[in-house]
Amino acid sequence: NPYYKELGGDNKKIIMYSGSINEKLSCETLIQAIKILDKRKDILWIICGNGPKKSYLIKRLKKNINVKFYDFQPYEKLPYWLNIADIHLIPQKLSSIKFCLPSKLLGILASGKAVIGIAPQDSELGNILDNYGIRLSNENPKEMADALLKLLENEELRLKLGESSKKYIKTNHEKSL
């Protein structure tokens, strides 16, 4: 993957948020989870995307040297980009998730990497996360940090979730040519 060398993430676990950085994103949950885990030098946080809340995130996380910001990546490189993460985050506000799915969800699941997201149980995203990731039922940063630690410290679970999400995409969303 051409991105590994560029990121300098060797021997680090990469936790990625990739998507629009707008009002639907639970910025405080993401910020506080990063701060809770800030002493972990084995983590590289990647926040990728654009939007009106990006400058706010950059300002709030400027002292966190293990956080890197990127703009959206070109479409043709998206599979490589999503594949560099060990864990993907979908930290959307509960109020915004009930009736829509994040645009990168299928790409994230197809990458075969573990995913943690915030979603109500009775939502489409909640159903997907309950079966193929870790669903958080609220915007509590401590719970997000605990879920991240659970996956960081259990490679077998991380790989199992990633593999099951990849199978879900192949079974339900792969197009025949």
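As a starting point, this report considers the structure included with it. Quick caveat: nothing in here was measured; it's all calculated off a predicted structure.

**Observations concerning the packing of helix α7 (residues 124-132) against helix α9 (residues 155-172)**
Packing of α7 against α9 brings their axes to within 9 Å, and their N-to-C directions diverge by 130°. If you check the angle between α7 and α9, you find them oblique. Between α7 and α9, the residues in contact are Ile128, Asn131 and Tyr132 and Leu161, Ser164, Ser165 and Tyr168, respectively. The residue makeup of the contact of α7 with α9, split by class, is 4 nonpolar, 3 polar and no charged.

**Quick look at the nonpolar core**
One finds Trp45, Ile47, Ile116 and Leu148 to be the most contacted residues of the largest nonpolar core, which totals 31 residues. Elements with a contribution of two residues or more to this core: β1 (13-18), α2 (27-36), β2 (43-48), β4 (87-90), β5 (114-118), β6 (134-136), α8 (141-152) and α9. By residue number, the principal contributor to this core is α8, which donates 6 residues. With near-sequence residues (within four places) excluded, Trp45 lies in contact with Ile15, Ala33, Ile34, Leu37, Asn66, Val67, Lys68, Leu89 and Leu148. Core analysis: the next-biggest nonpolar cluster, separate from the first, contains 24 residues, Leu78, Ile108, Ile128 and Leu129 among them.

**Regarding α2**
Looking only at α2, the buried set comprises Cys27, Thr29, Leu30, Ile31, Ala33 and Ile34. Against the buried residues of α2 lie β2, α3 (54-60), β3 (67-70), β4, β5 and α8.

**Observations regarding the environment of Lys63**
Within the secondary structure layout, Lys63 lies in the loop between α3 and β3. As for Lys63 and Lys35, which are separated by 28 residues in sequence, their C-alpha atoms are 9.9 Å apart.

**Thoughts on the sheet that holds β4**
Strands sit in the order β3-β2-β1-β4-β5-β6 across an open sheet of 6 strands; the sheet is parallel. Of all the strands in the sheet, just β3 and β6 have a single pairing partner and so form its edges. Strand-to-strand twist across the sheet, computed as the mean angle between neighbouring axes with direction ignored, equals 20°. Two elements, β2 and β3, share 4 bridges in a ladder whose sense is parallel.

**A closer look at the pattern of salt bridges**
Scanning the model with the defined rule gives 8 salt bridges in all. Connected via shared salt-bridge partners are Glu23, Lys53 and Lys93.

**A look at the packing of aromatic side chains**
Per the stated rule, a full pass over the model turns up 2 aromatic pairs. Relative to Trp81, the ring of Tyr70 lies with its centre 5.2 Å away and its plane at 70°, an arrangement referred to as edge-to-face. Of this pair, Tyr70 sits in strand β3 while Trp81 sits in helix α4 (residues 78-83), and the two are 11 residues apart along the sequence. Assessed through its relative accessible area of 17%, Tyr70 is described here as buried. By relative accessible area, which is 0% here, Trp81 ends up buried. Seen in terms of ring centroids, Tyr132 and Tyr168 are 4.6 Å apart; in terms of plane orientation they differ by 35°. Their pairing is tilted.

Here is what the cut-offs are and how they apply
Residues numbered from 1 in each chain as written. Predicted model: local features only at pLDDT ≥ 70, side-chain atom pairs only at ≥ 80, totals over all residues. Heavy atoms only, no water. Axes fitted to C-alpha atoms, helices over the stretch in contact; angles between N-to-C directions. Helix = DSSP H or I, 4+ residues; strand = E, 2+ residues; numbered from the N terminus. Parallel < 35°, antiparallel > 145°, perpendicular 65-115°, else oblique. Contact = heavy atoms within 4.5 Å. Nonpolar A, V, L, I, M, F, W, Y, C, P; charged D, E, K, R; others polar. Core = buried A, V, L, I, M, F, W, Y, C linked by side-chain atoms within 4.5 Å. Buried < 20%, exposed > 50% of the residue type's maximum accessible area, 1.4 Å probe, protein only. Pairing = 2+ DSSP bridges. Salt bridge = Lys/Arg side-chain N within 4 Å of Asp/Glu carboxyl O. Phe/Tyr/Trp six-rings, centres within 6.5 Å; stacked < 30°, edge-to-face > 60°.

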